[in-house]
Amino acid sequence: MTAEQRRNLHAFRGYVRKILDPTYILSYMTPWFRDDVVQHIQAEKNNKGPMEAASLFLQILLELQEEGWFRGFLDALHQAGYSGLYEAIESWDFQKIEKLEEYRLLLKRLQPEFKTTINPEDILPEISGCLINQECEEIIQISSNKGLMAGAEKMVECLLRSDKENWPKTLKLALEKEESKFSELWMVEKGAENIQMKDLEDDEMKTLDVQIVYKEEPENQNLSQNSCPPGVPPTYSPLKPRNYQLELALPAQKGKNTIICAPTGCGKTFVSLLICEHHLKKFPQGRKGKVVFFAVQLPVYEQQKSVFSKHFERLGYKVAGISGATADNVSVEQIIENNDIIILTPQILVNSFKNGTVPSLSIFTLMIFDECHNTNKHHPYNMIMFNYLDQKLGGSSDSLPQVIGLTASVGVGDAKNTAEATEYICKLCASLDTSVVTTVRDNLEELEEVVYKPQKFFRKVESRTTDRFKCIISQLMAETEALAKSIFEELGTVTLENLSQIQNRNFGTQKYEQWIIAVQKACMVFQMPDKDEESRICKALFLYTSHLRKYNDALIINEDARVKDALNYLKNFFRNVRAAGFDAIEQDLTQRFEEKLLELEDISMDPSNENPKLEDLSFVLQEEYHLNPETRTILFAKTRALVDALKNWIEEHPRLSFLKPGVLTGRGRTNQTMGMTLPAQKCALDAFRTNRDSKILIATSVADEGIDIAQCNLVILYEYVGNVIKMIQTRGRGRARGSKCFLLTSNADVIEKEKINICKEKMMNDSISSLQSWNEAVFKEKILQIQSHEKLIRDNQGKVKPVLDKKNKKLLCRKCKTFACYTADIRVVEECHFTVVKDAFRERFVTKLHPRPKNFGSFEKKAKIFCARKDCLHDWGIQVRYKSFEIPVIKIESFVVEDVATGAQTLYAKWKDFNFEKIPFDAAEMYNHAQDLNLQGMDGLE
């Protein structure tokens, strides 16, 4: 241990205190710490917390005189799993840990919402690599003993101490995988475009398109299913295509750009395999095709990657995939270059265009867009096709790939008639550069043997005429809102109302839920000069809105189920609140609820408060089972809480309990109510298939998650207006043809909308039929006109530039406010990279070799650059080799821009938001500047 190491450890002790729980490494420090010292540190943690324990640990550590204690400390960190802290101390470089501070502040602010929203047991397997093993065990133990909310609090505490540089992104991916609403608040991509990577089907075409898919033979088109017995290695044998699948593939196999529009469940993935295989085999010896398949959603990406790998690797083709979850660890350029088929989430290719990794779409020979109806507005599909169309319309001689789109519904937008619907579909075709829309026409009978649309029935049901439960809960919500509003009274300028633009919100509605999310997002970026006061206000606001969300959930349950179920939901929530942190605000809100609890219990037991909607649902079920005792039912409900409530109601209903309901919910986690893992979902489905006593399955949205639901001939959509196409698989042709679908709703507008949807579906089919009768040359001319018009609009939008601010500005280090450079010294390299040409700038930063040096485009990453102040060392960007020059490339988010005249300071997240005069990089200028410096040096020698 040198004196310098002791000084450095003392200087950086603040970082260590924030991260280290010393009790996790004491067992590795026994050669240097006596038993009484170990007990003292453990007692400090128990009484005052890990940070104070870390302070005591460091104090004792720095006083040690024995040889080898510093190396022993590093080894202990490594053994316990503190890899980030170990690396930082060994190199005395805490930049990675410093960068985590903004995420710690964000998580502290979001902690009230995190603990009421997240089930820690569900995301722990995904984020365990960012935590210490003992922390994971403690989270599980606390969740088990004190409840999920207390476990979530412990998880936040552990994440706030995590030294792993990737924990913010790992948490984001875990939340997205679990489809948690909290992921909307946990934003880790600073400055990235907020593109919603989800199904963007047209509203009017997406609510209740229920299709029954039935087969007499086993499900041999489920390509990713392994039907081998346990212990037998899986084998892959090519499937025999049906005639309608060959019909769908034919135009594409002839080389035409095609949109394939066919029902969910008919095997469009298999059709894409046929097209892809035909495409790759048609190339003569010495030439090779290269296929890219785009999937919007991560689960679909994983499934398609598996399917394509199994099908094509046996044929000798190389298949690989890149998604947001893997992009940081692989070279996109090399993956594309070294494989024949690449499965991508589309944003990967959009990002590759921006950074120059993929210069042109000409490297591909075939592009397949799954769910291609998303190709509009600012969706990544459209960004990719903008690049394609710019190349096509710009007169490039480079070849372009063939384009295939797959969808169950092209939609009609806001069309009011067939002519408008036709125009809408033409615009989609123009966006995808397709002049053929393929549907099944010659083999409809075969298709209908696989996909059968059941008869639809609409039933208008009545709501309660008086609702005492809703009155009391609404009163509690009004009181909670008033408490939230009171926080802002002292501020004057900011109010709870102007934090969100959502108006006319009503308790117990989805719109109110949207208002809560909007307020929470506004709260995330809310700023005050007094940071402690800012933290207090934001934490309080998150607590109030989290409670409002639970009340809102309870009102939604009460609307569609029993008062008893809604009340139990709230009682369970407040039980968890008590078991967790239970601060002053939570104590006050809990007391207010408990004051009303006795009255709420009385209401729940009063028979006059029974829900008339449930009486109507009971009538439908009893009637259908009277007509056909062998009926198999799936009952769709909009939330997991409602699914649980309906299950309890059926089990406790004397005339329905014989149905023995099963439950199937999605994997998403939006509340403390647990979702189901994929194995649990499959287990529930297997039980429903094999247990003939279970006659009804109650489910939330699951079909979009790739779940096959077998043996159903009755579908009931109970106040269910989803945004996915449901696919229900049944066996037995005769029974399937007698299938029925009931929509039960108290909202007459929903029934009316569904009737309009049926008309719009017919309008869409008529429009497609009309387009299919067009002369292909006429269709292509129409498409070209639309493309040229849209490009003109895009180009003109790009020409409308904001007024440039030509005044010289200062760039100051965002962390320490030290002067860095003037805007007059900045040059733009290849339109999107920014360097500083004055030599004086080089004295204001220090460099460190880049941990991951690599080439991108014309640039070679050499080093990272940091503010030269030793007490700052803020990350300013990178040092690159560009052509023959070594230049710094700076990032605007590392600086504050100061007006020289007024001193006003502004923060920018992106260079494009900073409208200063951007002077292009000029190699001659750099060369002449270097020559001048050499001459000055020679003058000095003379």
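Along each chain, the written sequence defines residue order, and numbers are assigned to residues from 1. The predicted origin of the model limits local features to residues at a pLDDT of at least 70 and limits the giving and counting of side-chain atom pairs to 80 or more, whereas totals for whole chains, interfaces and linings rest on all residues. In computing side-chain values, all of the structure's heavy atoms are included and hydrogens and water are not.

**A word on the packing of aromatic side chains**
What counts, and what does not: Stacked, edge-to-face and tilted are the three classes for Phe, Tyr and Trp ring pairs, Trp counted by its six-membered ring, which pair at centre distances within 6.5 Å; planes under 30 degrees apart are stacked, over 60 edge-to-face, the rest tilted. Starting at the N terminus, helices and strands are each numbered in turn, a helix being any DSSP run of H or I of at least four residues and a strand any DSSP run of E of at least two. Burial here depends on accessible area, computed with a 1.4 Å probe over protein chains only, as a share of the maximum for the residue type. Under 20% is buried, over 50% is exposed, and the range in between is partly exposed. In our convention, an over-ring charge means Lys NZ or Arg CZ found within 6 Å of a ring centre and within 35 degrees of that ring's normal.
Scanning the entire structure with this criterion turns up 38 aromatic pairs. Centre to centre, the rings of tyrosine 512 and tryptophan 515 are 5.3 Å apart; their planes meet at 40 degrees, and the pair counts as tilted. Taken together, the residues span about one helical turn, with tyrosine 512 and tryptophan 515 both in helix 22 (residues 510-524) at a distance of 3 residues. According to the relative accessible area criterion, tyrosine 512 is buried, its value standing at 0%. What makes tryptophan 515 buried here is its relative accessible area of 0%. Through successive ring pairs, a cluster of aromatic residues spans Phe12, Tyr15, Trp69, Phe70, Trp92 and Phe94. One cation-aromatic arrangement involves lysine 282 over phenylalanine 283; the distance from NZ or CZ to the ring centre is 5.8 Å.

**Concerning the UniProt feature "binding site: Zn(2+)" (unreviewed entry) in the protein chain**
Under the convention used in this document: UniProt positions are given in the numbering used here, feature names are shortened, and annotations may be inferred rather than shown by experiment. Any two residues having at least one pair of non-hydrogen atoms within 4.5 Å are treated as being in contact.
In this numbering, the UniProt entry assigns the feature "binding site: Zn(2+)" (unreviewed entry) to Cys813, Cys816, Cys867 and Cys872. These annotated residues cover 60 residues of sequence, but their C-alpha atoms sit close together, with the largest distance between any two at 9.1 Å. Along the chain, cysteine 813 turns up in strand 17 (residues 809-813). Contact partners of cysteine 813, with chain neighbours within four places excluded, come to Thr818, Cys867, Cys872, His874, Trp876, Ser894 and Phe895. Here cysteine 867 shows up in strand 23 (residues 859-867). Cysteine 867 gets classed as buried once you look at its relative accessible area, which sits at 0%. Here cysteine 867 is in contact with Cys813, Cys816, Thr818, Arg844, Phe845, Val846, Cys872, Leu873, His874 and Trp876, once residues within four sequence places are set aside.

**Notes on the sheet that holds strand 28 (residues 919-920)**
Across a sheet, strands are paired by hydrogen bonds formed along the backbone, either parallel or antiparallel in direction. Quick reminder of the rule: The pairing criterion for strands is at least two bridges between them, as found by DSSP.
If you trace the 3 strands from one edge of the open sheet to the other, you get 20-19-28, paired in mixed fashion. Only two strands of the sheet have a single partner each, and these edge strands are strand 20 (833-836) and strand 28. Both strand 19 (residues 826-829) and strand 28 contribute to a ladder of 2 bridges, which runs parallel. Bridge assignment links arginine 827 to a residue of strand 28, and that residue is isoleucine 919.

**Topic: the packing of helix 10 (residues 133-146) against helix 11 (residues 148-160)**
We count it as follows: A fitted line through C-alpha atoms represents every axis, and for helices the fit uses only the stretch in contact; the resulting angles, taken between N-to-C directions, go from 0 to 180 degrees. Here is the rule for angles: anything less than 35 degrees is roughly parallel, anything more than 145 is roughly antiparallel, 65 through 115 is roughly perpendicular, and the remaining ranges are oblique. By definition, any crossing whose near helix is turned counterclockwise from its far helix by less than a right angle is left-handed, and any crossing with a clockwise turn is right-handed. Residue type decides the class: Asp, Glu, Lys and Arg count as charged, Ala, Val, Leu, Ile, Met, Phe, Trp, Tyr, Cys and Pro as nonpolar, and the leftover types, Gly among them, as polar.
One way to put it is that helix 10 packs onto helix 11 with a least axis distance of 7 Å and a crossing angle of 160 degrees. Taken together, the axis directions place helix 10 and helix 11 in an arrangement best described as roughly antiparallel. Seen along the crossing, helix 10 lies across helix 11 with a hand that is right-handed. Contacts between helix 10 and helix 11 involve Glu135, Glu138, Ile139, Ile142, Ser143 and Lys146 from the first element and Leu148, Ala150, Gly151, Lys154, Met155 and Cys158 from the second. Its residues assigned to classes, the contact of helix 10 with helix 11 comprises 6 nonpolar, 2 polar and 4 charged.

**Quick look at the sheet that holds strand 4 (residues 319-322)**
The 7 strands are arranged 4-5-3-6-7-2-8 in an open sheet whose pairing can be described as parallel. Looking along the sheet, the strands with just one partner apiece sit at the ends: strand 4 and strand 8 (436-438). On average, each strand axis in the sheet is tilted by 20 degrees relative to the strand beside it, whichever way the strands run. Here 3 bridges tie strand 2 (residues 258-261) to strand 8, and the two strands are oriented parallel to one another. Paired with isoleucine 260 across the strands is threonine 438, a residue of strand 8. Running at roughly 155 degrees to strand 6 (residues 366-370), helix 18 (residues 380-393) makes contact with strand 3 (291-294), strand 6 and strand 7 (402-407) of the sheet.

**Some words on the pattern of salt bridges**
Worth spelling out the cut-off: For this document, the term salt bridge refers to a Lys or Arg side-chain nitrogen within 4 Å of an Asp or Glu carboxyl oxygen.
Inspection of every chain in the model, using the stated rule, returns 56 salt bridges. Salt-bridge contacts for aspartate 560 lead to lysine 613; the nearest nitrogen and oxygen are separated by 2.8 Å. Remark: lysine 613 occurs in helix 26 (residues 612-627) and aspartate 560 occurs in helix 23 (residues 531-560); sequence separation between them is 53 residues. Assessed through its relative accessible area of 0%, aspartate 560 is described here as buried. Note that lysine 891 is salt-bridged to aspartate 875, the shortest N-O span being 3.2 Å. Here lysine 891 is found in the loop between strand 25 (885-890) and strand 26 (895-899), whereas its partner aspartate 875 is found in strand 24 (residues 875-882), with 16 residues between them in sequence. Look at the salt bridges and you will find they share partners, linking Glu135, Glu138, Lys154, Glu157 and Arg161 into a network.

**A closer look at the environment of leucine 656**
With respect to the secondary-structure elements, leucine 656 resides in the loop between helix 27 (640-652) and strand 12 (662-664). Assessed through its relative accessible area of 0%, leucine 656 is described here as buried. As for leucine 656 and tyrosine 625, which are separated by 31 residues in sequence, their C-alpha atoms are 9.9 Å apart. Every residue in contact with leucine 656, bar those within four places of it in the chain, is listed here: Ser618, Leu621, Gln622, Trp649 and Ile650.

**Describing unusual backbone geometry**
It is generally the case that most residues other than glycine have a negative phi and that most peptide bonds are trans. Here glutamate 371, not a glycine, exhibits a phi torsion of approximately 50 degrees, which is positive. One can find glutamate 371 in the loop between strand 6 and helix 18. On the accessibility criterion, glutamate 371 (30% relative accessible area) is partly exposed. Phi is positive for glutamate 830, which is not a glycine, with a value near 50 degrees. Along the chain, glutamate 830 falls in the loop between strand 19 and strand 20. Overall, the relative accessible area of 40% leaves glutamate 830 in the partly exposed class.

**Quick notes on the nonpolar core**
We apply this condition: Here the nonpolar core consists of buried residues drawn from Ala, Val, Leu, Ile, Met, Phe, Trp, Tyr and Cys, with membership extended through side-chain atoms lying within 4.5 Å.
Grouped together as the largest cluster of nonpolar side chains are 97 residues, with contacts concentrated most on Phe114, Trp186, Phe469 and Leu646. For this core, the leading source of residues is helix 23, giving 12 residues. When near neighbours in sequence (up to four residues on either side) are disregarded, tryptophan 186 contacts Tyr103, Leu106, Leu107, Leu110, Trp167, Pro168, Leu171, Lys172 and Leu175. One finds Ile336, Leu344, Tyr388 and Val412 within the second-largest nonpolar core, a separate group that totals 46 residues.

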